[in-house]
Amino acid sequence: DAFRNAVIPSWYDFSISSPKSAWTRAELHEQVTNIQHDLHERAIRGEFSPDKMDEMRRHFEGVDPDSDEHGWGKIHPGLDEDDDIEDD
């Protein structure tokens with residue numbers, strides 16, 4: 001920063017200062033623990049059964065596959081419904 005101030009004129013300096021982090025460590029930790037708690041509750045309710053997991057791998061959340069006539073809600077639009085999705 002001192003080098004930039006000494007060598008580059010202020011009228012030519014188009015650099016921007018980097019923003020501060022959006023979250024503090026405590027806020028990020030709280031968000032991660034909330035997500036873990038939410039996933040744990042969903043697992044208890046049985047939302048991660050094999051048939052529901054297959055549906056999650058095929059379509060975005062909140063998209064009804066029956067009313068999606070153009071296939072915009074598919075995660076892999078080139079795959080047919082009966083094709084296997086490999087876990088990598």
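Residues numbered from 1 in each chain as written. Predicted model: local features only at pLDDT ≥ 70, side-chain atom pairs only at ≥ 80, totals over all residues. Heavy atoms only, no water.

## A word on the overall build of the chain
Link 1 in the chain: A tally of helices and strands in the chain yields three helices and zero strands.
Link 2 in the chain: In the chain, the succession of helices and strands from N to C terminus is α-α-α.
Link 3 in the chain: Relative to its full complement of 88 residues, the chain shows a buried share of 7%.
Link 4 in the chain: Intrachain contacts of the chain at a sequence separation of at least 6 include 13% that bridge at least 24 residues.
Link 5 in the chain: On the chain, roughly 8,200 Å² of surface is accessible, and the fraction owed to carbon and sulfur atoms is 54%. (Helix = DSSP H or I, 4+ residues; strand = E, 2+ residues; numbered from the N terminus. Buried < 20%, exposed > 50% of the residue type's maximum accessible area, 1.4 Å probe, protein only. Contact = heavy atoms within 4.5 Å. Areas by Shrake-Rupley, 256 points an atom, 1.4 Å probe, with all protein chains shown as cover.)

## Some words on the packing of aromatic side chains
Link 1 in the chain: As enumerated under the stated definition, the model contains two aromatic pairs in all.
Link 2 in the chain: Here Trp 11 and Tyr 12 contribute two aromatic rings whose centre-to-centre distance is 5.8 Å and whose plane-to-plane angle is 75 degrees, an arrangement assigned as edge-to-face. One exposure class covers both Trp 11 and Tyr 12, and it is exposed.
Link 3 in the chain: Through pairs of rings, three or more aromatic residues link up here, namely Trp 11, Tyr 12 and Phe 14. (Phe/Tyr/Trp six-rings, centres within 6.5 Å; stacked < 30°, edge-to-face > 60°.)

## A closer look at the side chain of Arg 42
Link 1 in the chain: With respect to the helices, strands and loops of the structure, Arg 42 is situated in helix H2 (residues 25-44).
Link 2 in the chain: Overall, Arg 42 belongs to the buried group, its relative accessible area being 19%.
Link 3 in the chain: Apart from the residues within four sequence positions on either side, Arg 42 is in contact with Glu 47, Phe 48 and Met 56.

## Considerations on the pattern of salt bridges
Link 1 in the chain: Taken as a whole and assessed by the stated rule, the structure comprises two salt bridges.
Link 2 in the chain: Note that Glu 47 is salt-bridged to Arg 42, the shortest N-O span being 2.8 Å.
Link 3 in the chain: Between Arg 45 and Glu 47 there is a salt bridge, with the nearest N and O atoms lying 2.9 Å from each other.
Link 4 in the chain: Through salt bridges that share partners, Arg 42, Arg 45 and Glu 47 make up one connected network. (Salt bridge = Lys/Arg side-chain N within 4 Å of Asp/Glu carboxyl O.)

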